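Architecture at a glance
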Amino acid sequence: MSAAAPASAADWYTGTERGGQSDDYIVAFDGAATVTSNSSAFGALTTTIAPAGSLVESGPRVRLQAIAGTYSYPGSTAGSRVRGDQQEGSVLAGYEWIWDQAALAGYVGFNVRNNELSILDPRNPVVGTGVGAKVAADLWLNPTQNTLFAANASYSTLFSAYYVRAKAGFMVADGVFVGPEGTLLGDAYFNQWRLGAHLTGFTVGPMKFSLGAGYARDRVQKGGYYTSVEGRAAF
């Protein structure tokens, strides 16, 4: 199975503040959690650091990410069920280009992933602990003052794990966007696609949040539903 990666692009929530931003943030913390009715629950914590300059201007970036979750699916014998537990850590370095209405970031590094199954499943090769090369990219764009497009993607050579997510939105309040989103994720055994809607950019205290929900379908358990919540704080 494959973890639910966070939306971790700089200013993933709206991006609308970037042009007039005066705060020189140097570190951002992103938290994300996704639950599906297809028996999976994952959480992720991502730290993005600007080692030179700040996160509101172009420059080098360092990204640290931790992902953990659990899932289950029908076993190969009648009545059996396989439970999986997964943990992953990534260390990435890259660069982010920032313009008034857009940002693009690219990263390269490595990840360590551990995947344990409750019972032996000879159909599933995604088992054990390994290290892989990993690449990631984030895109944020305000095509107009009232619209948003954001996408992030990653790929690891370990278990051929991939994640691609994109969303578009229309501003319904100051800095708050609503619109569709879609996700593709998988690895050497599992694949899933999701299609739903998001509410992005609302503020609670010092943090900004995004909520998502919709339909999910995977190769193993077919149709279901997902919900997600994401939050960001920058300092």
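It should be noted that the structure appears before, not after, this text.
Rules behind the numbers
- Residues numbered from 1 in each chain as written.
- Predicted model: local features only at pLDDT ≥ 70, side-chain atom pairs only at ≥ 80, totals over all residues.
- Heavy atoms only, no water.
- Pairing = 2+ DSSP bridges.
- Helix = DSSP H or I, 4+ residues; strand = E, 2+ residues; numbered from the N terminus.
- Axes fitted to C-alpha atoms, helices over the stretch in contact; angles between N-to-C directions.
- Core = buried A, V, L, I, M, F, W, Y, C linked by side-chain atoms within 4.5 Å.
- Buried < 20%, exposed > 50% of the residue type's maximum accessible area, 1.4 Å probe, protein only.
- Patch = residues over 30% accessible without salt bridge, like charges linked within 9 Å, V, L, I, M, F, W, Y side chains within 5 Å.
- Areas by Shrake-Rupley, 256 points an atom, 1.4 Å probe, with all protein chains shown as cover.
- Salt bridge = Lys/Arg side-chain N within 4 Å of Asp/Glu carboxyl O.
- Contact = heavy atoms within 4.5 Å.

This part takes up the pairing of strand β8 (residues 161-173). As a general feature of sheets, a regular strand has side chains that alternate between the two faces. As paired elements, strand β7 (residues 147-156) and β8 share 10 bridges and run antiparallel to each other. When the sheet's bridge partners are listed, A151 is paired in β8 with A166. Hairpin connection between β7 and β8: a loop of four residues separates the two successive antiparallel strands, and F159 in this loop has a positive phi of roughly 60°. Relative to strand β9 (residues 176-186), β8 runs antiparallel, the two being bridged by nine bridges. Paired with Y162 across the bridge in β9 is G186.

The residue V56 is located in the loop between β2 (40-49) and β3 (59-74) in this model. When the C-alpha positions of V56 and F202 are compared, they lie 20 Å apart, and in sequence the two are 146 residues distant.

Let us now look at the sheet that holds strand β1 (residues 27-36). Spatially, the 12 strands close up into a barrel ordered β1-β2-β3-β4-β5-β6-β7-β8-β9-β10-β11-β12, and their pairing is antiparallel. Averaged over all neighbouring strand pairs, the angle between strand axes comes to 15°, with direction disregarded.

In terms of nonpolar packing, the biggest core is built from 14 residues, with Y71, Y73, L117 and Y189 touching the most fellow members. Elements with a minimum of two residues in this core: β2 and β3. Here the element with the most residues in this core is β3; it accounts for three residues. Membership of the second largest hydrophobic core comes to seven residues, among which are I98, W140, L148 and M171.

This brings us to a nonpolar patch on the surface. On the surface, a cluster of nonpolar side chains totalling about 600 Å² of accessible area is made up of Y95, W97, W99, L104, L139, L141 and F149. Those elements that place two or more of their residues in the nonpolar patch are β4 (81-98) and β6 (128-141). Looking at the element boundaries, F149 is found in strand β7.

For the rest of this paragraph, the subject is unusual backbone geometry. Trans is the prevailing form of peptide bonds, just as negative phi is the prevailing case for residues other than glycine. We note that S39 has phi near 65°; this positive angle belongs to a residue other than glycine. With respect to the helices and strands, the residue S39 is situated in the loop between β1 and β2. With a relative accessible area of 28%, S39 lands in the partly exposed category. Although it is not a glycine, K222 sits at a positive phi angle of roughly 65°. Turning to its location among the elements, K222 is positioned in strand β12 (residues 222-234).

Further remarks concern the environment of L104. In this structure, L104 sits in strand β5 (residues 102-117). Residue classification places L104 among the partly exposed positions, given a relative accessible area of 35%. With 48 residues separating them along the chain, L104 and N152 place their C-alpha atoms 9.8 Å apart. With residues up to four places along the chain from it excluded, the contact list for L104 reads Y95, E96, W97, W99, D138 and L139.

Let us now look at the pattern of salt bridges. Under the defined criterion, the tally for this structure stands at nine salt bridges. Its salt-bridge partner being R113, residue D187 comes within 3.0 Å of it at the nearest N-O pair. Residue D187 is found in the loop between β9 and β10 (191-204), and its partner R113 is found in strand β5; the two are separated by 74 residues along the sequence. For the residue pair D187 and R113, the accessibility class agrees, reading buried in each case. One salt-bridge network, in which partners are shared between bridges, spans R165, E181 and E230.

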